[in-house]
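Spelled out, the chains give:
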Amino acid sequence: MQDKMPKTNPSETAGAPRSAPKKRRPIPRRVIVILVSLLLLAAIAVAVPVSISAARRVLTFRGMRVDKSLYAYFTAKCRYRYLADCDFPAKADTPAFWSRVKDTATGLTYGEECEEQTRVYVLRVITAAYLFDESGEVLSAAERSTLEGALDDLLTYRFDGGKKVLNAAAKPYGFSYRDVRRAYIYEYKASLLPDRISLTNEQIAGYFADHYRRVQVVLIPKNADTALREEAAKRFEEVRILADPEERLSLFESRLTKTEYNRNPAYKTFGHGYYFNAAGSYDASFAAAVTQEYSGVDGEKLLEAIYALGAPGDCAAFEAGGYTFYLMREKPALDDLSDDDYVKTMFSDFTTLAVADYLPEYLDSFADSAKWHPAHVRPWLPTPTDSDWYLFFN
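Please read all numbers here as calculations on a predicted model, not as lab measurements. (Residues numbered from 1 in each chain as written. Predicted model: local features only at pLDDT ≥ 70, side-chain atom pairs only at ≥ 80, totals over all residues. Heavy atoms only, no water.)

Colleague: Please provide a residue-by-residue account of the state of the cysteines, values included.
Modeller: The tally for this structure, following the rule as stated, stands at 0 disulfides. With no disulfide of its own, cysteine 78 lies closest to cysteine 114 among cysteine sulfurs, the gap being 6.8 Å. Residue class for cysteine 78 comes out buried when judged on its relative accessible area of 12%. Here cysteine 114 falls in the buried class, since its relative accessible area comes to 3%. (Disulfide = S-S within 2.5 Å. Buried < 20%, exposed > 50% of the residue type's maximum accessible area, 1.4 Å probe, protein only.)

Colleague: Talk me through unusual backbone geometry; I want residue IDs and the actual numbers.
Modeller: Here arginine 62, not a glycine, exhibits a phi torsion of approximately 45°, which is positive. As for its placement among the helices and strands, arginine 62 is situated in the loop between strand 1 (57-61) and strand 2 (64-67). Judged by its relative accessible area of 41%, arginine 62 is partly exposed. Located in the positive-phi region is aspartate 160, a residue other than glycine, with phi close to 55°. Counting through the fold element by element, aspartate 160 comes out in the loop between helix 5 (141-158) and helix 6 (163-170). (Helix = DSSP H or I, 4+ residues; strand = E, 2+ residues; numbered from the N terminus.)

Colleague: Tell me about the sheet that holds strand 6 (residues 274-276), and please be specific about residues and values.
Modeller: Spatially, the 4 strands line up as an open sheet ordered 6-5-8-7, and their pairing is antiparallel. The sheet is open, and its two edges are formed by strand 6 and strand 7 (315-320), each paired on a single side. On average, each strand axis in the sheet is inclined to that of its neighbour by 35°, with strand direction left out of account. Along the sheet face, helix 12 (residues 299-308) touches strand 5 (213-220), strand 6, strand 7 and strand 8 (323-330) and points at about 35° away from the line of strand 8. (Pairing = 2+ DSSP bridges. Axes fitted to C-alpha atoms, helices over the stretch in contact; angles between N-to-C directions. Contact = heavy atoms within 4.5 Å.)

Given below as structure tokens:
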């Protein structure tokens, strides 16, 4: 193999004399000073934006950050909702109002309570967005289109298609289009996270037991003959006076539920009783169906009677419009979650409700990873007016 030789000038030949190397001229001192100054300025130019950026941070969470202006966007959103939930007029939005004490026992002010709610909301949104990314999930093409479409609609229909118009409207509240866009992305990812969560069997059973009440409803129609009506009332009284809840449950089933006294047309479909959950959609449809089906019966009042029942074994009679509804609270049966008839009606939104109940506690478990910088929060900014709220948030 031929050794690699250092390159020489083509004009040099073997044995030819070489000229002595030229002496390097020293760099003038003033040039060195200028170069050092330029390097220092470059370092400052890099460091200043970093330090300013750090100074603007209100929240940092595992590499994610919320700066002053993004936090101002969330604050405007939460403050408006807080005032609306408290039924306060917009004119209440003054520094004096927010410093008023709401809870005399603790000294908590309206501003402090609202700020705490804002912090919880922001941290949950950021945490959910982080978990969405960490799970390896990415927005699908359709989801990205939905997100960009929402932002385009915001500009097109609320701000004449211009970011400058939005920025001018948002300036009094301390944020800009950049913050709106970031908030949209975080909140959209947070909204998608529940669809990516799978609950354990234990969590499902826990939510089912804690939030659903199973109630047997025996209906005696208003056109029932007197003898049947009196006999049903007698049998219910036999059940009601029993001291043992288990005995009441057993006797109610044998003496009323599975007899000719139960004239409930839905019994054959829902033979295991009805399931109610105040957070679910079935309660409202049940009340509406009762009101429509049975003249003179207020379904909402019947629903109130159902929720007035205590522990399993508690019973009551509800009378309206000539009808009598005998109610018995029963123990929930986990197997009913796999019953198609129940799934299509009373449990149609079960998974959504269960995840929504589980998610806040799960998100809050990451709170120790968050670092707050409260000194960077703007002391006070006006809450959006009703018209501006509509523009930005509705």
